[in-house]
Amino acid sequence: MTRPGAIFDEPAVVRRLERKGALRAVTGSSTVAAAVMVGAALLALVVANTPLYDAVEHVLGLPLVVGVGRLTVSLTVEQFVNDFLMAVFFLLVGIELKYETTVGQLRRPRQAALPMLAAVGGVTVPALIYLAVNLAQGGEPRGWAVPIATDIAFALGVVSLLGERISPATKVFFQTLAIADDILAIVVIALFYGQVPQVGWCLASLALTGALVALNRARVYSVAPYVAVGLVLWACMFNSGVHATLAGVILAFALPSRSDVRLSELGGWLERRARDLEDAYDDEHHVLGQHDFTDGAWRTERVMHHVTPPLQRMERYVTVFVNFLVLPLFAFVNAELHLVGENFGALLASPVAHGAYLGAVAGKPVGIILVTWLLVRLGFARLPRGMDWPQVVAVGLMGGVGFTMSILITGLAFPDPADAIAAKCAILLASLTSAALGTVFARLAIRGGGPGARRRPPRGGARRHGPSRPPRESCPGQGVS
């Protein structure tokens, strides 16, 4: 990688760029992002049980009205976080899904089938356990979807702490499983946790979805038109009764994953532009007076901007915003459990809490491990090279780490605040339990990343760990739209 000093002249500029590089390394860490979200949730728990609770609740209940003319949205600050900002999170989830279906694991059905079907088991068994507990104890069956979701940020943050004990193949398996888990959670929210649909707004949402598709088909590669239509789509979906966060997923899948530059011609074009810029530049005159040089540099800059596909551009725009503002805000707003004066005996005896906790801690590993074992035993699939059964068990245990989707579903499922508090307490305890069980098991049962991790690397190249996702910086620009 070229150091900033090789092209930049001012020492202060070089130092600033180096600081930005260090900051990008921090903000690009899934472990740091997960730690920030955990810190926000812990802060919320502390604040909720101090005299600051009433002031925070007042702020969260303040009304907001956004819109133009008849297209207006009235919501509170809390709804703004849960419905609008979380739509940006769902945009990032949708980008991840489209990436995987274009150049990642989900583009090979045979290769992706094992973790995707394991995800189905990891959703079905927790839901059945929750239903069984609540139907037997007279609880609230509407919350059956609360324990089904695995939190990608938390779970992958825990996995990253295990280092080489978890092989690259296992990390890819777990990431694919978590993505499939998110797809299922999105479908569940859309089908079971919306409000009574408003036909007019639903038709408007459908028309705007068609407009996004039309932009894609027309090969519009600027991000701005998609964002403008996406904002209106969100407003229509908010009024329609369909959960508005799904607008983020629709927007993500409408964004083109192609580059509108002929990438095969880019190298030669840059060489010619470099010669033109070298001929146009005069070292003896101020750069402001060298219009041919600055115009040529601007045209080169515009072309290079278009090299990156809009999907990837949007990801770069929103990733840090989501990881370090949206998710911590969501955690702070929704982990605010006011336990002062609560009957802890009632919370511990709540069938909602029992179902959510057992569904996540027991149901997730049972569903993931059992489906994986059955598919391998029946000869339908094989474990990826570098992954063994202890690592499957570790993945199953850590599958119970759920927060974002589970908290979101809790808010949609329970009109009774007592049930919502019981479910949130169970989610937090289940996530801590699953993370601890998975970490302890991995440290005791797994040594150095599983089979193949200690093999001698092949001659003339780096050691191979089986198929894995290509780095984002080297993704091909010519994908499907």
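In what follows, the accompanying structure is described.

Quick notes on the rules
- Residues numbered from 1 in each chain as written.
- Predicted model: local features only at pLDDT ≥ 70, side-chain atom pairs only at ≥ 80, totals over all residues.
- Heavy atoms only, no water.
- Axes fitted to C-alpha atoms, helices over the stretch in contact; angles between N-to-C directions.
- Helix = DSSP H or I, 4+ residues; strand = E, 2+ residues; numbered from the N terminus.
- Parallel < 35°, antiparallel > 145°, perpendicular 65-115°, else oblique.
- Left-handed = near helix turned anticlockwise from the far one by under 90°.
- Contact = heavy atoms within 4.5 Å.
- Nonpolar A, V, L, I, M, F, W, Y, C, P; charged D, E, K, R; others polar.
- Salt bridge = Lys/Arg side-chain N within 4 Å of Asp/Glu carboxyl O.
- Buried < 20%, exposed > 50% of the residue type's maximum accessible area, 1.4 Å probe, protein only.
- Pairing = 2+ DSSP bridges.

### Comments concerning the packing of helix α5 (residues 109-137) against helix α7 (residues 168-192)
Inference 1: Between α5 and α7, the least distance of the axes is 8 Å, while the angle of their chain directions is 50 degrees. With respect to each other, α5 and α7 are oriented oblique. The way α5 lies across α7 gives a crossing that is right-handed. The residues of α7 that touch α5, namely those facing Ala112, Leu114, Pro115, Met116, Ala118, Ala119, Val120 and Val123, are Phe173, Thr176, Leu177, Ala180, Asp181 and Leu184.
Inference 2: Residue composition of the contact of α5 with α7, grouped by class: 12 nonpolar, 1 polar and 1 charged.

### Notes on the pattern of salt bridges
Inference 1: All chains considered together, the criterion is met by 2 salt bridges.
Inference 2: For aspartate 276, the salt bridge goes to arginine 273, with nearest N and O atoms at 2.7 Å. Pair noted here: aspartate 276 and arginine 273 are both in helix α11 (residues 263-280), with a separation of 3 residues, about one helical turn.
Inference 3: The exposure class assigned to aspartate 276 is partly exposed, which follows from its relative accessible area of 39%.

### Some points on unusual backbone geometry
Inference 1: Positive phi outside glycine occurs at arginine 219, with the angle close to 60 degrees.
Inference 2: Here arginine 219 is to be found in the loop between α8 (199-217) and α9 (223-240).

### Some thoughts on the side chain of serine 434
Inference 1: Relative to the assigned elements, serine 434 resides in helix α18 (residues 417-445).
Inference 2: With relative accessibility at 1%, the residue serine 434 sits in the buried group.

### Some remarks on the pairing of strand β2 (residues 71-76)
Inference 1: Bridge analysis of strand β1 (residues 63-68) against β2 gives 6 bridges, and the strand direction is antiparallel. Residue pairing for β2: valine 66 is matched across the bridge by valine 73.
Inference 2: Count of turn residues in the β1/β2 antiparallel hairpin: 2 residues, of which glycine 69 carries a positive phi of about 60 degrees.

### Some points on the environment of alanine 331
Inference 1: Here alanine 331 lies in helix α13 (residues 310-334).
Inference 2: It is 7.6 Å that separates the C-alpha atoms of alanine 331 and alanine 44, two residues lying 287 residues apart in sequence.
Inference 3: When near neighbours in sequence (up to four residues on either side) are disregarded, alanine 331 contacts Met37, Ala40, Ala41, Ala44 and Phe403.

### Details of the environment of phenylalanine 253
Inference 1: Mapped onto the elements of the fold, phenylalanine 253 is located in helix α10 (residues 246-254).
Inference 2: With 40 residues separating them along the chain, phenylalanine 253 and valine 213 place their C-alpha atoms 8.8 Å apart.
Inference 3: The contacts of phenylalanine 253, once residues within four sequence positions are left out, are Gly94, Leu97, Lys98 and Thr101.

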